[in-house]
Amino acid sequence: MTIEKEKITDIANRCASVRTLMTARSITRLYDQALKNAGITGTQFSLLVAIGSHNFNSISELGDALNIEKSTLSRNLKPLIDAGLIEREKANVSRAITHRLTAAGQQKLETAFPLWQAAQARVEEELSQDDLQAGYRFMARLRQAADN
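In this report, the structure presented in the accompanying data block is examined. Bear in mind that the values here come from a model prediction, so they are computed numbers and not experimental data. (Residues numbered from 1 in each chain as written. Predicted model: local features only at pLDDT ≥ 70, side-chain atom pairs only at ≥ 80, totals over all residues. Heavy atoms only, no water.)

The subject of this paragraph is the packing of aromatic side chains. Centre distance and the angle of the planes are the two values used to describe a pair of aromatic rings. Here the structure, examined in full by the defined rule, presents two aromatic pairs. By the ring-pair criterion, three or more aromatic residues cluster together here, those being F45, F113 and W116. (Phe/Tyr/Trp six-rings, centres within 6.5 Å; stacked < 30°, edge-to-face > 60°.)

Next up, the structure:
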């Protein structure tokens, strides 16, 4: 059985997954390229920012906040631990493991900040603040629709 060309075109034109992945890849490329000179990726930057800005009680709580599965999150945290940018510590709650920025991690964010600012400015120059905020609200609603 082969799928009809009409159906394939319909998928290409309407699929939220296809369009979201295309957008995510473009944005990821932009930030990865911008942060390259700091020696980190956009994903690593977002993890450092999340860990540095919140006190998560467990890796599960961090994963929930970033919408990353625990196994994927663990794989993404390992290079940051190996590089000495974050360290694991026992949480006060049960046997949970938490993470915190090290001095090297804070310095990495300091180095990456102007590079991130340039990438963010590029996005903000292309979109009005209203469009950008509307986009953020839409992405939140899209995540909510997928999670329900």
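Don't stop here, the text continues.
So, about the pattern of salt bridges. Enumeration according to the criterion identifies four salt bridges in this entry. For K78, the salt bridge identified is with D82, shortest N-O distance 2.9 Å. Within this pair, K78 and its partner D82 are both found in helix α5 (residues 70-82), separated by four residues, close to a single helical turn. By relative accessible area, D82 is classed as exposed at 55%. (Salt bridge = Lys/Arg side-chain N within 4 Å of Asp/Glu carboxyl O. Helix = DSSP H or I, 4+ residues; strand = E, 2+ residues; numbered from the N terminus. Buried < 20%, exposed > 50% of the residue type's maximum accessible area, 1.4 Å probe, protein only.)

The next thing to look at is the nonpolar core. In this structure, I40, L48, L62, L77 and I86 are the most contacted members of the largest nonpolar core, which totals 19 residues. Among the elements of the structure, α3 (42-53), α4 (59-66), α5 and α6 (103-126) are those that each provide at least two residues to this core. Counting residues per element, this core draws most heavily on α3, at five residues. For L62, the contacting residues outside a window of four places in its chain are A50, I51, F56, L73 and L77. A34, A119, V123 and L132 belong to the second-largest nonpolar core, a separate cluster that totals six residues. (Core = buried A, V, L, I, M, F, W, Y, C linked by side-chain atoms within 4.5 Å. Contact = heavy atoms within 4.5 Å.)

Together, I3, I8, I11, V18 and M22 give the surface a local cluster of nonpolar side chains, amounting to about 430 Å² of exposed area. Contributing elements (two or more residues each) for the nonpolar patch: α1 (5-14) and α2 (16-35). (Patch = residues over 30% accessible without salt bridge, like charges linked within 9 Å, V, L, I, M, F, W, Y side chains within 5 Å. Areas by Shrake-Rupley, 256 points an atom, 1.4 Å probe, with all protein chains shown as cover.)

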